[in-house]
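# Chain and residue survey
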Amino acid sequence: MSENGSDTAQAAPQVRMNVLAQFIRDMSFENILAQKRATGEVQPDVQVQVNLDAQKREQEHQYEVVTKLKITSQAKESGDKMFILEMDYAGIFHIEGVPDDQLHPFLLIECPRLLFPFIRRIVSDVTRDGGFPPLNLENIDFMQLYRQEIMRRQAEAQTEAPKADA
């Protein structure tokens, strides 16, 4: 093997990621339709909001990533709310070998991507157990979500900069 070949093998760090734990940190389900004693067939309009948060833990190479969902369902015709589901789902990860400049996107893209199938199952079970047809969430493009958040922060920073100059 050439000297250059061994250098590139040593330069590329081996990424290691383990899910140490995953759990529901907080959850609330409110069946508004049942509280109003409404009956009959209703066509739902479902809105899903997703927020992500990540933070370093005290232990070396450990991070906590939280996916926060707020799902609101309302009747298409009347606009009456049917249910609200809010959930914070957390994962604790051991991550090594990710360069510092790539750690933030790694935490907010790859980690939630691993947790999503579990979140989807919980949402389906809770909505079914709450008296509605099971809600099967569409796949979430966490990379696109990350890019949108970065663009939002950049736009926010640009609007703040002129105010600082004034």
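Computed from a predicted structure; not experimentally measured.

### A few points about the environment of Arg121
Its place among the elements puts Arg121 in helix α3 (residues 100-129). Linking Arg121 and Asn136, residues 15 residues apart in sequence, is a C-alpha distance of 7.7 Å.

### Focus on the pattern of salt bridges
Summed over the entire model, instances satisfying the criterion amount to 11 salt bridges. Note that Glu96 is salt-bridged to Arg16, the shortest N-O span being 3.5 Å. Residue Glu96 is found in strand β4 (residues 81-96), and its partner Arg16 is found in strand β1 (residues 16-31); the two are separated by 80 residues along the sequence. When its relative accessible area of 25% is taken as the criterion, Glu96 is described as partly exposed.

### Observations concerning the packing of aromatic side chains
For the structure on display, the rule yields 4 aromatic pairs. Both rings, one in Phe116 and one in Phe142, keep their centres 6.2 Å apart while their planes meet at 70°; by these two values the pair is edge-to-face. Taken as a pair, Phe116 in helix α3 and Phe142 in helix α4 (residues 142-165) lie far apart in primary sequence, 26 residues in all. For the pair Phe116 and Phe142, one class covers both residues: buried.

### Comments concerning the confidence of the model for the chain
On average, the chain scores 87 in pLDDT, and the residues at 70 or more come to 85%. Below pLDDT 50 for its whole length, residues 1-9 participates in 1 contact with residues either more than four positions away or in separate chains.

Cut-offs applied
- Starting from 1, residues in each chain are numbered consecutively following that chain's sequence as written.
- Thresholds applied to this predicted model are a pLDDT of at least 70 for local features of residues and 80 or more for the giving and counting of side-chain atom pairs; totals over whole chains, interfaces and linings are not thresholded and use all residues.
- Derived side-chain values reflect all non-hydrogen atoms in the structure, with water molecules and hydrogen atoms excluded from consideration.
- Secondary structure elements are taken from DSSP: a helix is a run of H or I of four residues or more, a strand is a run of E of two residues or more, and numbering for both begins at the N terminus.
- Only one rule defines a salt bridge in this text: a Lys or Arg side-chain nitrogen within 4 Å of an Asp or Glu carboxyl oxygen.
- Exposure categories follow from relative accessible area, calculated using a 1.4 Å probe and restricted to protein chains: below 20% of the type maximum is buried, above 50% is exposed, and the middle band is partly exposed.
- Each pair of aromatic rings taken from Phe, Tyr and Trp, with Trp reduced to its six-membered ring, is defined by centres within 6.5 Å and is described as stacked if the planes are under 30 degrees apart, edge-to-face if over 60, and tilted in the remaining cases.
- pLDDT runs from 0 to 100 and stands for how confident the predictor is about each residue.
- The contact definition used throughout considers only heavy atoms, calling two residues in contact when any of these lie within 4.5 Å.

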